[in-house]
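The primary structure of each chain is shown beneath.
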Amino acid sequence: MTHSVASANARASARAFAPASVGNVAIGFDILGFSVDAIGDRATVRRVSDPGVTITAIHGIVPDLPREAAHNTAGRALMAMQEALGLDFGFELELDKGIPLASGLGGSAASAVAAVVAANALLAEPRAPIELLKFAMHGEAVASGSMHVDNIAPSLFGGLVLTVGIDHPRIKQIPVPPAIRAVIVHPHMFLSTREARAILSHTVKMADFVWQTANLAGFISGCYTNDLDMVRESFEDVVIEPQRSALIPGFADVRRSALSAGALGCSISGAGPTTFAWCLDGHAHAVCEAMVQEFSHHGLKADHWITSIAPTGARVID
């Protein structure tokens, strides 16, 4: 049964911003992520009388994306919202892409999140963020082939986020020591999420499982207690990073240079090729320069950002 959650007082259009994100955060494959507010995607959603989702325009640095809603992450997320809520009206969607395609910075997630946050502002009874998360998950599946939320959750909620579960996800924002800065370096190369997932082994050695579990527990404990030594000692992915590092030219040298410049840890952002490091504020510029320079030595130009990890996620901006 369809019903309307719009009213005469509801807005006719809204524009939302959703930040980029780093998935996995080294030791938290598919469950940890943090937002990167320095860049992101914007979505403008307009309410129309006829049910359905129409994508009217795509701007920004990745304009060549599917215009059919079912094959577009933002469009599919809005379709999931319509289906779940039984809306008797439709949406027109305009995207402004600020996140590079296949960068490992959660571009597909940010588009989906921005779309549902904007659409939510058009409802007479806005839905809770956890519901928006579930709608956006359907969009993310279009890009990656599976539902995972380590990019969606931080883009939506902001900060460092732990997500437990898929069918009934539970979200926990984890405090980040205030002195920490994130260095994000995006080499100019294409690496698809599907390709990066396809190479992963389906089995893990018991010793690596124990090591990885200890590192995840130590990392989260270090964040809660402001124990930077614990964060440093735990900031090592022994399961996923060794498999994916071969897909990124020079990654081992980039990581080594970052650590030598003072980083607490350095790893691959999501599926890559973007890499990231955590460091103290005073080391951030040296770490960034070392990582960019190392990629240059391997023939890759790179974009870069230095940012705090603040608990500020997607929001309506107009």
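Read on for an overview of the structure. Predicted model, so just to flag it, every value in this text is computed and none were measured.

## A short note on helix 10 (residues 284–297)
Now for step 1: Under the 1.5 Å per step criterion, the end-to-end length of helix 10 is 20 Å for 14 residues, consistent within 8% with the ideal 20 Å.
Now for step 2: What helix 10 keeps buried is the set A284, V287, C288, A290, M291, E294 and F295. One side of helix 10 carries all its buried residues, which in axial view fall inside an arc of 165 degrees. More than 90 degrees from the buried face of helix 10, the exposed residues found are H285, E289 and H297.
Now for step 3: Next to the buried residues of helix 10 lie strand 7 (180–187), helix 9 (251–260), strand 8 (265–268), strand 9 (275–280) and strand 10 (302–307).

## Quick look at the side chain of E294
Now for step 1: For E294, the position within the fold is in helix 10.
Now for step 2: Put simply, E294 is tucked away with no salt bridge, and the nearest opposite charge, on R256, sits 6.4 Å away.
Now for step 3: At a separation of 2.8 Å, a polar atom in the side chain of E294 contacts the side chain of S257.
Now for step 4: If we ignore the near neighbours within four places in the chain, the residues touching E294 are D253, V254 and S257.

## What about the packing of aromatic side chains?
Now for step 1: Counted according to the given criterion, the structure contains seven aromatic pairs.
Now for step 2: When the ring of F219 is compared with that of W278, the centres are 5.2 Å apart and the planes differ by 40 degrees; the resulting orientation is tilted. Taken as a pair, F219 in helix 6 (residues 206–225) and W278 in strand 9 lie far apart in primary sequence, 59 residues in all. A single burial state applies to F219 and to W278, both of which are buried.
Now for step 3: Feature note: the residues F34, F219, F235, F276 and W278 constitute an aromatic cluster, connected by ring pairs.
Now for step 4: Sitting over the ring of F89, R47 keeps its end group 5.8 Å from the ring centre.

## Looking at the sheet that holds strand 7
Now for step 1: One open sheet accounts for four strands, arranged 8-9-7-10; its pairing is antiparallel. Among the strands making up the open sheet, the edge pair consists of strand 8 and strand 10. Averaged over all pairs of adjacent strands, the angle between strand axes in this sheet comes to 15 degrees, irrespective of strand direction.
Now for step 2: Bridge count for strand 7 against strand 10 is six bridges, and the pairing is antiparallel. Paired with I184 across the two strands is W305, which belongs to strand 10.
Now for step 3: Strands in contact with helix 9 are strand 8 and strand 9; relative to strand 8, the strand with the most contacts, it is inclined by about 160 degrees.

## Regarding the packing of helix 1 (residues 73–85) against helix 2 (residues 107–120)
Now for step 1: Where helix 1 meets helix 2, the axes come as close as 7 Å, and the angle between the chain directions of the two elements is 40 degrees. In this view, helix 1 runs oblique relative to helix 2, as classed from their interaxial angle. Helix 1 and helix 2 meet at a crossing whose hand is right-handed. Here T73, A74, A77, L78 and M81 of helix 1 come into contact with helix 2, specifically with S108, S111, A112, A115, V116, A119 and N120.
Now for step 2: Here the contact of helix 1 with helix 2 is composed, by residue class, of eight nonpolar, four polar and no charged.

Cut-offs applied
- Residues numbered from 1 in each chain as written.
- Predicted model: local features only at pLDDT ≥ 70, side-chain atom pairs only at ≥ 80, totals over all residues.
- Heavy atoms only, no water.
- Helix = DSSP H or I, 4+ residues; strand = E, 2+ residues; numbered from the N terminus.
- Expected span 1.5 Å × (residues − 1).
- Buried < 20%, exposed > 50% of the residue type's maximum accessible area, 1.4 Å probe, protein only.
- Arc of directions from axis to C-beta.
- Contact = heavy atoms within 4.5 Å.
- Lys, Arg positive; Asp, Glu negative; His and termini not counted.
- Salt bridge = Lys/Arg side-chain N within 4 Å of Asp/Glu carboxyl O.
- Polar contact = N/O pair within 3.5 Å; in protein donor to acceptor, adjacent residues only side chain to side chain.
- Phe/Tyr/Trp six-rings, centres within 6.5 Å; stacked < 30°, edge-to-face > 60°.
- Lys NZ or Arg CZ within 6 Å of the ring centre and 35° of its normal.
- Pairing = 2+ DSSP bridges.
- Axes fitted to C-alpha atoms, helices over the stretch in contact; angles between N-to-C directions.
- Parallel < 35°, antiparallel > 145°, perpendicular 65-115°, else oblique.
- Left-handed = near helix turned anticlockwise from the far one by under 90°.
- Nonpolar A, V, L, I, M, F, W, Y, C, P; charged D, E, K, R; others polar.

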